[in-house]
Amino acid sequence: MNEKYAIGIDFGSESGRAVLVSLKDGTEVADHVTPYPHGVITEHLPSGVELGMEWALQHPDDYIEVLRKSIPAILKTSQVNPIDIIGLGIDFTACTMLPIDKEGNPLCSDSQLADNPHSWVKLWKHHAAQEEATQLNEIAEQRGERFLPRYGGKISSEWMIAKIWQILKEAPDIYEKADQFVEATDWVVSKLTNNLKRNSCTAGYKAIWHKQDGYPSEAFFEALDPRLKDVVKTKLRGDVVPLGTAAGGLAPDIARITGLTPGIAVAVGNVDAHAAVPAMGVVSPGKMVMAMGTSICHMLLGMEERDVEGMCGVVEDGIIPGFYGYEAGQSAVGDIFAWFVDKAVPGYVYEDAKKANMGVHQWLEKQAANYKPGETGIIALDWWNGNRSVLVDTELSGLLIGATLQTKPEEIYRALLEATAFGTRKIVDAFHYNGVPVEELYACGGLPQKNRLLMQIYADVTNRTIKVADSKQTPALGAAMFGAVAAGGDNGGFDSIVTAADRMGRVKEEFIEPIPDNVQMYEKLYQEYSRLHEHFGRGENNVMKRLKTIKAHAKSRVTMKTN
Ligand SMILES: Nc1ncnc2c1ncn2[C@@H]1O[C@H](COP(=O)(O)OP(=O)(O)O)[C@@H](O)[C@H]1O
Ligand SMILES: O=C(CO)[C@@H](O)[C@@H](O)COP(=O)(O)O
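Parameters and conventions
- Residues numbered from 1 in each chain as written.
- Chains lettered and ligands numbered in written order.
- Predicted model: local features only at pLDDT ≥ 70, side-chain atom pairs only at ≥ 80, totals over all residues.
- Heavy atoms only, no water.
- UniProt positions renumbered as here; feature names shortened; annotations may be inferred.
- Helix = DSSP H or I, 4+ residues; strand = E, 2+ residues; numbered from the N terminus.
- Rg over C-alpha atoms; globule rule 2.2 N^0.38 Å.
- Buried < 20%, exposed > 50% of the residue type's maximum accessible area, 1.4 Å probe, protein only.
- Contact = heavy atoms within 4.5 Å.
- Areas by Shrake-Rupley, 256 points an atom, 1.4 Å probe, with all protein chains shown as cover.
- Lys, Arg positive; Asp, Glu negative; His and termini not counted.
- Charge placed at Lys NZ, Arg CZ, Asp CG, Glu CD.
- Axes fitted to C-alpha atoms, helices over the stretch in contact; angles between N-to-C directions.
- Parallel < 35°, antiparallel > 145°, perpendicular 65-115°, else oblique.
- Left-handed = near helix turned anticlockwise from the far one by under 90°.
- Nonpolar A, V, L, I, M, F, W, Y, C, P; charged D, E, K, R; others polar.
- Phe/Tyr/Trp six-rings, centres within 6.5 Å; stacked < 30°, edge-to-face > 60°.
- Lys NZ or Arg CZ within 6 Å of the ring centre and 35° of its normal.
- Near = heavy atom within 4 Å.
- Polar contact = N/O pair within 3.5 Å; in protein donor to acceptor, adjacent residues only side chain to side chain.
- Domains from an automatic or database assignment.
- Expected span 1.5 Å × (residues − 1).

The name an unreviewed UniProt entry assigns to the protein chain is Ribulokinase, from the organism Sediminibacillus albus. Annotation of the protein chain in UniProt includes, under Pathway (unreviewed entry), the sentence "Carbohydrate degradation; L-arabinose degradation via L-ribulose; D-xylulose 5-phosphate from L-arabinose (bacterial route): step 2/3."

Tallying secondary structure elements over the protein chain gives 19 helices and 21 strands in all. Relative to the 2.2 N^0.38 estimate, which gives 24 Å for 563 residues, the radius of gyration of the protein chain is 23 Å and therefore close to what a compact globule would have. Its C-alpha atoms give the protein chain principal-axis dimensions of about 65 × 55 × 50 Å. Every one of the 563 residues in the protein chain was classed for burial, and the buried ones make up 60%. Within the protein chain, residue pairs in contact and separated by at least 24 positions form 73% of the contacts whose partners lie at least 6 positions apart. On the protein chain, roughly 22,200 Å² of surface is accessible, and the fraction owed to carbon and sulfur atoms is 50%. Looking at charge distribution, the protein chain has the averaged site of its 57 positive side-chain charges lying 2 Å from that of its 73 negative ones.

Here the focus is the packing of helix 16 (residues 474-487) against helix 17 (residues 497-504). In contact at an axis separation of 9 Å, helix 16 and helix 17 are set at 130° when each is read in the N-to-C sense. Overall, the two elements helix 16 and helix 17 adopt an arrangement that is oblique. Note on packing geometry: the crossing formed by helix 16 with helix 17 is right-handed. The residues of helix 17 that touch helix 16, namely those facing L477, M481, F482 and V485, are I497, A500, A501 and M504. Class assignment for the residues of the contact of helix 16 with helix 17 results in eight nonpolar, no polar and no charged.

Attention now goes to the packing of aromatic side chains. Overall, the coordinates contain 17 aromatic pairs when judged by the stated rule. On the numbers, 6.3 Å between centres and 40° between planes, the contact of W339 with F340 is tilted. Judged by its relative accessible area of 33%, W339 is partly exposed. Feature note: the residues F337, W339, F340, W384 and Y413 constitute an aromatic cluster, connected by ring pairs. The ring of W165 is capped by K169, whose NZ or CZ atom sits 4.6 Å from the centre of that ring. For R425, the ring lying beneath its charged end belongs to Y526, and the centroid distance is 4.1 Å.

Attention now moves to the site of ligand 1. Neighbouring residues of ligand 1: 16 residues in total, closest T294, G334, G446, K450 and N451. For ligand 1, an oxygen atom lies 3.1 Å from a polar atom in the side chain of R17. Here K450 contributes a side-chain N or O atom positioned 2.8 Å from an oxygen atom of ligand 1. In isolation ligand 1 exposes 580 Å². Once the protein is present, 81% of that is buried. At the level of secondary structure, the elements contributing two or more residues to the shell around ligand 1 comprise helix 10 (334-343), helix 12 (360-368) and helix 14 (446-450). Ranked by residue count, the leading element in the shell around ligand 1 is helix 10, at four residues. Residues that form the shell around ligand 1 fall into these classes: five nonpolar, eight polar and three charged.

Near ligand 2 there are 13 residues, and of these A94, K206, T294, S295 and E327 occur at the shortest range. At 2.7 Å, a side-chain N or O of K206 approaches an oxygen atom of ligand 2. For ligand 2, whose accessible area on its own is 380 Å², the fraction buried by protein is 91%. Residue classes in the shell around ligand 2 are distributed as four nonpolar, five polar and four charged. Here the shell around ligand 2 spans two domains, since at least three of its residues come from each of domain 1 (5-274 + 474-504) and domain 2 (282-468 + 515-563).

Let us look at the UniProt feature "domain: Carbohydrate kinase FGGY C-terminal" (unreviewed entry) in the protein chain. Mapped onto this structure's residue numbering, the UniProt feature "domain: Carbohydrate kinase FGGY C-terminal" (unreviewed entry) falls at residues 289-487. When the span residues 289-487 is considered, its composition is 41% helix and 19% strand, and the gap between its end C-alpha atoms is 26 Å.

Look at helix 2 (residues 130-142): 18 Å from first C-alpha to last across 13 residues, which is about the 18 Å you get at 1.5 Å a residue. For helix 2, the full list of buried residues reads Q130, E132, A133, L136, N137, I139 and A140. In this structure, the buried residues of helix 2 make contact with helix 3 (160-170) and helix 7 (218-224). Backbone geometry just downstream of helix 2 places G144 in the positive-phi region, at approximately 60°.

Moving on, we come to the environment of A140. With respect to the helices and strands, the residue A140 is situated in helix 2. For A140 and V360, which are 220 residues apart along the polypeptide, the C-alpha to C-alpha distance reads 46 Å. In contact with A140, other than residues within four places in its own chain, are E145, F147, L148 and F220.

Now the structure itself:
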C-alpha cells in the first residue's frame, strides 16, 4: 500500500492553517496559512453598521476561502497524489457560532438580514452577552442546576446559550428566522460533507450538553425566558456524536474547488485546543496541555469527574475517549503583549528594534531578559480581556502596579509576561489541589516558538517542567489525526485516537526546566499577585466594573450629542 496522508485544518482567530501529514509518523509534509480577508470584525460590519462594545464577529465566507486557498496550496507544495489522502479533520476556535437557515446558509448571507449584526458569526471572544451569562448563572444557581459545578460554577458569556439568548433579546426576528444555531466547526464540516453533525466536544464544553443528561431541561430554559423553552428541540436539534466519528464523505463541489478526492472521510468538528492534546502525544492524566497564542487554553485528562473552581468545563470523552477532559483558560495572553507593542510602546523602541534588525517583540524580550525576577518592581493583573479562569468574569480589566518615572517599556513587557504566567499558576493550582493532579506542562501554539523568556517564566512560576510541541501547527496535526480516525484502520487510517497519538504525536527533545532561584522569588511575587487577584477579582473592589459602566454612560452621552 502507498504511504497514506491526512489533512488537518486549524481555524484560528485571525487565519486558517492547513497541514498535510504522513500517517506513517506524523511528519508535516506541507502547510499553508490563509489570513481571513475580513479578520475579526469589532467596530463595524463591512456595510458600515456600527457594533456595540465587546462585540467580535467573523465573516463565514472567510472559512470557505481557507479551504479554497490552503488545500490546493498544500497539494501543490507536497506533490502528494490526492488518492493517497484518506481523511480530513478540522478544529476551530469555540464557541464561535452562527445562525443558519433551512438550507444551512448563514443568515448574514441574506441581503435582507446582513445589516443586522446578530445575523453574523459571533467569534469566541464576543463578550457582549455578559448580561445574559450573569442572569443565566443566577437562575441556574437558584434552581440548583446539576450542570453548574461541571463548569466550575459559572457559564461563560463566550458560550452558546448566552450568545443565543443575546440574539433572542436584542434581535428576536433573527432568532425567529434562524432554523438552527451551530458552532462554526460543525457548520464548516456541514459544507464539507453536506451533513450537519454536532460534535460532542463543542456541545459538551460550550452548550452545556452532557453525555448522560443531555442539555439542560425545558424548565430551565423556560425559567431563563419562556421563548427559549423549546430551544433544544428546535434550534439546537440534531444528534451529538463523539470525536473521531466520520461526519460523511467529502462533497463533490468541495472536492472540485480543492483538488481532493470526493468521498474521503471527514471527521466531525473539533476545538483547537482539544485537538492539540493527542497531537502532543498526551493520552493520560497529569499532563496539562497549554495551547498558547492570542489566548491560552489549558487541557487536562482525569480519571473522575471533580469540581474545580472556575474551570471552563469537564466533559466525559471530551478530549480523549475513556477520560474526563478538563478545560480552563485565559482569555488574553499574546493579545496583551500585542496590545502593548501596538498601542503603548514609544517610537524609540521601534527604531532601536529596526536598527538591531529585530521585531519589536524580540527586542523587548531581549531587554526584558536582562532583569531578574522581582527586579522591575512592577506587577500586573492579566485581565486585559477579562478573566476566564478561575474568576470567570469578562467585566474585569487590566492592572499595572508599581510603575515609577524610571520604569522602562521592557520592564512593563516583562511584567505582562509574568502576569500571564501567574494567571496560569492560578489554574494549575486550582486543578492540582482539587484532585486533578498536574505533574508537568506541555506547550503548543505560536508563543512557545516565539518567546523563550516567556516559557522560562512559565516554568519558574509554576515550578514545573515544560515540554514543547515539535510541530508547527499542533491543533491542525491533531485535526488530521482525527481525520485519519474517521477514515478508519481498514482504509489506512487508525481505529482510535490513542493509536494515532502513539504513532504521530510528539514533543521536542529539549525540555524547559524551572530554575530554583527564580522559583523562590516568583513564589513571593505570586503571593502579591494573589492578593491583587482576590481584591479586584472577588468583589472587594469593583472599580473595574464601575469604570466600564462609567465608560458606557459617557459613550452613550457622546453618541446622543453627535446625533
Ligand atoms: N515574540 C513574541 N512574543 C510574545 N508574543 C508574541 C510574539 N510574537 C507574536 N506574539 C503574539 O502571539 C499571538 C499569536 O499567536 P498564535 O499562536 O500565532 O495565534 P493564534 O492564537 O491566533 O492561534 C499574538 O497575540 C501576538 O501578539
Ligand atoms: O476557547 C477556546 C477553546 O475552548 C479557543 O478556541 C479560544 O480561546 C481561541 O483560541 P486561540 O487564541 O485562537 O488559540
